[in-house]
Amino acid sequence: MKNNETRDLALFSKEFLARINAFKKDWQKKYKSISKETTPELDGTGRKIIEQRPDGKNYIIEAWMREKLDSYFPGWSSTMAAPLQFLGSEWVVAQVELSIVDEHLLAFGINPPTRKFYGVDAVRIQYKRDTPHTPENIIDVGDCCQSAVTGALKRAINRLTHIGDDVYGKRIEEEGMGTIEDILKTGKSTMALGKLL
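Keep in mind that this is a model prediction, so the values were computed, not measured.

Trainee: I'm lost on the layout of surface pockets in this one. Help?
Mentor: Left-over empty space is what a probe sized like a water molecule reveals as it rolls over the atoms. When its volume is computed, the largest pocket comes out at roughly 700 Å³. Residue assignment for the lining of the largest pocket shows that the elements contributing at least two residues are strand 2 (58-60), strand 6 (114-124), helix 4 (141-161) and helix 5 (165-168). Across the lining of the largest pocket, the residue classes break down as 6 nonpolar, 6 polar and 7 charged.

This is the structure:
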């Protein structure tokens, strides 16, 4: 620890420092456990939870992400961070701010204990096939706007809460972590080493 950090920590009581340590452990435990969850492919009725985009990337349906948000962070809310924006006649951009209630923050007197994240997404406006991109040829601008809002909300949910980390490639695996030299010395995590080389 640097001298300045040691001096700064000395200004706080042992009780406050203990609260900080407990906060860190609880915070890490909660968000790491959410991140380690496996998103099911289907719900109880057989409805797909994980879908695939035309470009081959997987995504999670909004209903499931909201269900998990309700479960872990009741009292969440979202607002439009800005009006919908149209980029020419081709794209619509949505910006959403997600707020969650995180009781861990109460340990520091933060009340209301809210955390926020800003999500943004853009969707290409759909036109009738083989027609000029003019307003009368738009298929359904409302659907395009809603898709952009949904995408922005789902991005905010994932980044703020770690819900869906497995599908969106945001999970960090701790097994076998280290430098390439560590792995070579110990012979551990050959699968991870294979991915690195």
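Trainee: I would appreciate a short explanation of the pairing of strand 5 (residues 91-101) in the present structure.
Mentor: Residues in a regular strand point their side chains to alternate faces of the sheet. Extensive coverage of strand 5 is indicated by the burial of 8 of its 11 residues. In this structure, strand 3 (residues 77-80) lies alongside strand 5, joined through 4 bridges in antiparallel fashion. Along strand 5, the bridge assignment pairs Met80 with Val96. Two strands pair when backbone bridges link them, and strand 4 (residues 85-87) and strand 5 are joined in this way by 3 bridges, in the antiparallel orientation. Across the sheet, the residue bridging to Phe86 is Val92, located in strand 5. The sheet contact formed by strand 5 and strand 6 spans 11 bridges and is antiparallel.

Trainee: Please clarify how the nonpolar core should be interpreted in this entry.
Mentor: In a soluble, globular protein the nonpolar side chains are often hidden away together inside. Membership of the largest hydrophobic core comes to 28 residues, with the highest contact counts inside it found for Trp64, Leu69, Leu98, Ile100, Ile157 and Ile163. Those elements that provide at least two residues to this core are helix 2 (14-36), helix 3 (62-72), strand 5 and helix 4. If one sorts the elements of this core by residue count, helix 4 sits on top with 8 residues. Ignoring anything within four residues of it in the chain, the contact list for Leu98 reads Leu69, Trp76, Ser77, Ser78, Arg115, Lys116, Phe117, Leu153, Ala156, Ile157 and Leu160.

Trainee: Sorry, what's going on with the pattern of salt bridges here?
Mentor: Pairing is possible between side chains of opposite charge, provided their charged atoms come close. Under the defined criterion, the tally for this structure stands at 6 salt bridges. The residue Lys30 makes a salt bridge to Glu103 at a minimum N-O spacing of 3.7 Å. A residue pair is termed long-range when its members are at least 10 positions apart, and Lys30 in helix 2 and Glu103 in the loop between strand 5 and strand 6 qualify at 73 residues. Where Glu90 meets Arg124, a salt bridge forms, and the shortest distance between an N and an O atom there is 3.7 Å. You can see Glu90 sitting in the loop between strand 4 and strand 5 and its partner Arg124 sitting in strand 6, a full 34 residues away along the chain. Residue class for Glu90 comes out partly exposed when judged on its relative accessible area of 21%. Note on Arg124: relative accessible area 42%, which makes it partly exposed.

Rules and cut-offs
- Residues numbered from 1 in each chain as written.
- Predicted model: local features only at pLDDT ≥ 70, side-chain atom pairs only at ≥ 80, totals over all residues.
- Heavy atoms only, no water.
- 1 Å grid on protein atoms, 1.4 Å probe; cavity = no way out; pocket = protein on both sides within 12 Å on 5 of 7 lines; lining within 4 Å.
- Points joined across faces, edges and corners; volume = space filled by probe spheres on them.
- Helix = DSSP H or I, 4+ residues; strand = E, 2+ residues; numbered from the N terminus.
- Nonpolar A, V, L, I, M, F, W, Y, C, P; charged D, E, K, R; others polar.
- Buried < 20%, exposed > 50% of the residue type's maximum accessible area, 1.4 Å probe, protein only.
- Pairing = 2+ DSSP bridges.
- Core = buried A, V, L, I, M, F, W, Y, C linked by side-chain atoms within 4.5 Å.
- Contact = heavy atoms within 4.5 Å.
- Salt bridge = Lys/Arg side-chain N within 4 Å of Asp/Glu carboxyl O.

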